[in-house]
Amino acid sequence: MRKILLALLAAACVLITACGEAKPDKAERSFYAMNTFMSVTAYGSDSEKAVAEVQSRISELEGLWSVTDDGSEIYAINHGGLSEISEVSEVTRDIVAFALDIADRSSGALDPTIYPVLSAWGFTGDENRVPSESEIAELLKLVDHRAVKVTESGITLNDGMMLDLGAVAKGAASDEAARIMREHGIKYALINLGGNIMTVGGKPDGSGWRIGVKNPDGDGNIGVLTLTDCAAVTSGSYERYFISENGTVYGHIIDPASGYPVDNDLLSTTIISTDGGLCDALSTALFVMGSERAEEFWREHSAELSGFDMLLITKSGEVIITEGAAERFSLSDKSLTLKVIEK
Ligand code: ADP
Ligand code: MG
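Residues numbered from 1 in each chain as written. Chains lettered and ligands numbered in written order. Predicted model: local features only at pLDDT ≥ 70, side-chain atom pairs only at ≥ 80, totals over all residues. Heavy atoms only, no water.

### A look at the overall build of the chain
- If you tally the helices and strands in the chain, you get 10 helices and 18 strands.
- In terms of overall dimensions, the chain is globule-like: its C-alpha atoms have a radius of gyration of 22 Å, near the 20 Å expected for 343 residues.
- Taken along its principal axes, the extent of the C-alpha atoms in the chain is 90 × 50 × 40 Å.
- Taken over 343 residues, the chain has a buried fraction of 50%.
- Taking all contacts inside the chain whose residues are at least 6 apart in sequence as the whole, residues at least 24 apart take part in 60%.
- Carbon and sulfur atoms provide 50% of the accessible area of the chain, an area that totals close to 16,500 Å².
- Computed over 28 positive and 52 negative side-chain charges, the inter-centroid distance for the chain is 9 Å. (Helix = DSSP H or I, 4+ residues; strand = E, 2+ residues; numbered from the N terminus. Rg over C-alpha atoms; globule rule 2.2 N^0.38 Å. Buried < 20%, exposed > 50% of the residue type's maximum accessible area, 1.4 Å probe, protein only. Contact = heavy atoms within 4.5 Å. Areas by Shrake-Rupley, 256 points an atom, 1.4 Å probe, with all protein chains shown as cover. Lys, Arg positive; Asp, Glu negative; His and termini not counted. Charge placed at Lys NZ, Arg CZ, Asp CG, Glu CD.)

### Quick look at the coordination of the magnesium ion (ligand 2)
- Around the magnesium ion (ligand 2), the protein supplies Ala167 (O), Asp280 (O), Asp280 (OD) and Thr284 (OG1) as donor atoms, at distances of 2.1 to 2.5 Å.
- Mapped onto the polypeptide sequence, the residues donating to the magnesium ion (ligand 2) form the spacing pattern A-x112-D-x3-T. With aspartate 280 and threonine 284 both in helix α8 (residues 276–289), this residue pair falls four residues apart, about one helical turn. (Donors = N, O, S within 2.8 Å, 3.2 Å for Na, K, Ca; no water.)

### Observations regarding the environment of glutamate 183
- Mapped onto the elements of the fold, glutamate 183 is located in helix α7 (residues 169–183).
- The exposure class of glutamate 183 is exposed, given its relative accessible area of 55%.
- Sequence spacing of glutamate 183 and proline 131 is 52 residues, and the spatial spacing of their C-alpha atoms is 48 Å.

### Re helix α4 (residues 90–105)
- Given a rise of 1.5 Å per residue, 16 residues ought to cover 22 Å, and the 22 Å separating the end C-alpha atoms of α4 matches this to within 8%.
- All of the buried residues along α4 are Thr92, Arg93, Ile95, Val96, Ala99, Leu100, Ile102 and Ala103.
- Tucked inside the fold, the buried residues of α4 contact α2 (47–65), α3 (73–78), β3 (149–150), β4 (155–156), α7 and α8.
- Backbone geometry just after α4 places serine 107 at a positive phi near 55°. (Expected span 1.5 Å × (residues − 1).)

### Quick word on the sheet that holds strand β8 (residues 221–227)
- Strands sit in the order β7-β8-β17 across an open sheet of three strands; the sheet is antiparallel. Looking at which strands have only one partner, the edges of the open sheet turn out to be β7 (209–214) and β17 (329–331). Sheet twist, expressed as the average angle between the axes of neighbouring strands with direction ignored, equals 25°.
- One ladder, built from six bridges, connects β7 with β8; its direction is antiparallel. By the bridge assignment, arginine 210 is partnered in β8 with threonine 226. (Pairing = 2+ DSSP bridges. Axes fitted to C-alpha atoms, helices over the stretch in contact; angles between N-to-C directions.)

### A closer look at the sheet that holds strand β1 (residues 26–33)
- The mixed open sheet is built from nine strands, whose spatial order is β1-β2-β5-β6-β9-β14-β15-β16-β18. Each of the sheet's edge strands pairs with one partner strand only, and the pair in question is β1 and β18 (337–341). Taking the axes of each pair of neighbouring strands and ignoring which way they run, one obtains an average angle of 10° across the sheet.
- Relative to strand β9 (residues 231–236), strand β6 (residues 196–200) runs antiparallel, the two sharing three bridges. Residue pairing in the sheet places methionine 198 in a bridge with alanine 231 of β9.
- Along the sheet, α8 makes contact with β6, β9, β14 (266–273) and β15 (309–314), crossing β14 at roughly 155°.
- Against the sheet, helix α9 (residues 291–301) makes contact with β14, β15, β16 (318–322) and β18, and its axis sits at roughly 170° relative to β15, the strand it touches most.

### Side note on the confidence of the model for the chain
- Taken over all residues, the pLDDT of the chain has a mean of 92, while the share at 70 or more is 91%.
- pLDDT under 50 marks residues 4–20. Its contacts with residues more than four places away, or in other chains, come to zero contacts. (pLDDT = per-residue confidence, 0-100.)

### Structural notes on the site of ligand 1
- Taken together, the neighbourhood of ligand 1 is formed by 18 residues, with Asp164, Lys170, Ser235, Ile254 and Thr284 sitting nearest.
- Within the backbone of alanine 109, a nitrogen or oxygen atom sits 3.1 Å from a nitrogen atom of ligand 1.
- Here a nitrogen atom of ligand 1 and a backbone polar atom of aspartate 111 are 2.9 Å apart.
- Burial of ligand 1 by the protein amounts to 93% of the accessible area it has alone, namely 570 Å².
- Examining the composition of the shell around ligand 1, we find that three residues originate from one element, α8, more than from any other.
- Of the residues belonging to the shell around ligand 1, the class tally is nine nonpolar, four polar and five charged. (Near = heavy atom within 4 Å. Polar contact = N/O pair within 3.5 Å; in protein donor to acceptor, adjacent residues only side chain to side chain. Nonpolar A, V, L, I, M, F, W, Y, C, P; charged D, E, K, R; others polar.)

### Examining the side chain of serine 72
- Within the element layout of this structure, serine 72 appears in the loop between α2 and α3.
- At 2.9 Å, the side chain of serine 72 and the backbone nitrogen of tyrosine 75 are in polar contact.
- Serine 72 has contacts with Gly63, Leu64, Trp65 and Ser66, leaving out every residue within four places of it along the chain.

### Regarding the nonpolar core
- One finds Trp65, Met181, Leu286 and Phe308 to be the most contacted residues of the largest nonpolar core, which totals 82 residues.
- Considering each element in turn, this core owes the most residues, nine residues, to α8.
- Formed by 20 residues, the second largest nonpolar core is a distinct cluster that contains Ile197, Val213, Leu225 and Leu227. (Core = buried A, V, L, I, M, F, W, Y, C linked by side-chain atoms within 4.5 Å.)

### Re a negative patch on the surface
- Taken together, the side chains of Asp265, Glu292, Glu296 and Glu300 define an acidic patch exposed on the protein surface.
- Structurally, aspartate 265 can be placed in the loop between β13 (260–261) and β14. (Patch = residues over 30% accessible without salt bridge, like charges linked within 9 Å, V, L, I, M, F, W, Y side chains within 5 Å. Salt bridge = Lys/Arg side-chain N within 4 Å of Asp/Glu carboxyl O.)

Take a look at the structure:
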């Protein structure tokens, strides 16, 4: 009897060790923040602590950056508060400075001062509506990223101007999440902040994380990106939009040049790079640009911007993909044609 027990015990030990080696402790957490569902998965001995800290850091950032919460720094800046010296936190000054830099490089395709126009279209929580041309023209006078000043300790805007970090906040939060994971010694993690993907390492089995690229024109995915230690962020007008009385579809990404929702040859843009904040900013900016300008932008700026890659889905059924992204992408929707672009 004793022998049998010992044998069983030994077998159990072997099993436990085997399991332990194959799969480090897994922790998973889903929550709602920054107006979207987020889920975080991490593997490692400190994974529970890591995912908890990621969630609390994201809610902290949301508390600083929310455009509607009257306790946030962005709200205070927008309502004439924190423009004085030594009041705006460094993390907020950094993200605003970053958004302004991309606004500059993208010739204003990304503009963090778009908020007054976005509000008029009702994309900030109120009822959606189509503003009149004169109303748009009037509000566009308040949109100008060049008028925002980030000083050593504060942020100043002209009267009536408003900042909105909606196009960059989740990406920046994903960088923070990856930093926290690494601080906790996590080697494998998948961070999904409402479609803003960040990966730490690959999967515990050594393969990359498989990330579906959504079909912007129907259900399911058009293909899969396999990622290790990098981010992928998609922008499009297919998730947040409204349809006016005459049947026109208006999406939530506004072309700052016209004040109207983007209407060009693109259905979606996906940006891939090691920098989540950059992916988020560029996915919005390149969506505004349309495929031709986006391609030009990639050729001109990719080297200086983390060597980013992109995948554009056009209304005519083309997937325009840079060579670096093509290596990591497999197309499953065979009704689309793949066009690989090289430097
Ligand atoms: P999502 O938030 O759906 O992931 P994006 O990252 O593309 O998508 O951000 C879209 C958000 O950015 C909008 O909801 C709005 O808050 C803001 N926005 C819309 N148009 C612009 C623009 N041209 N420049 C900067 N921000 C914009
Ligand atoms: Mg974005």
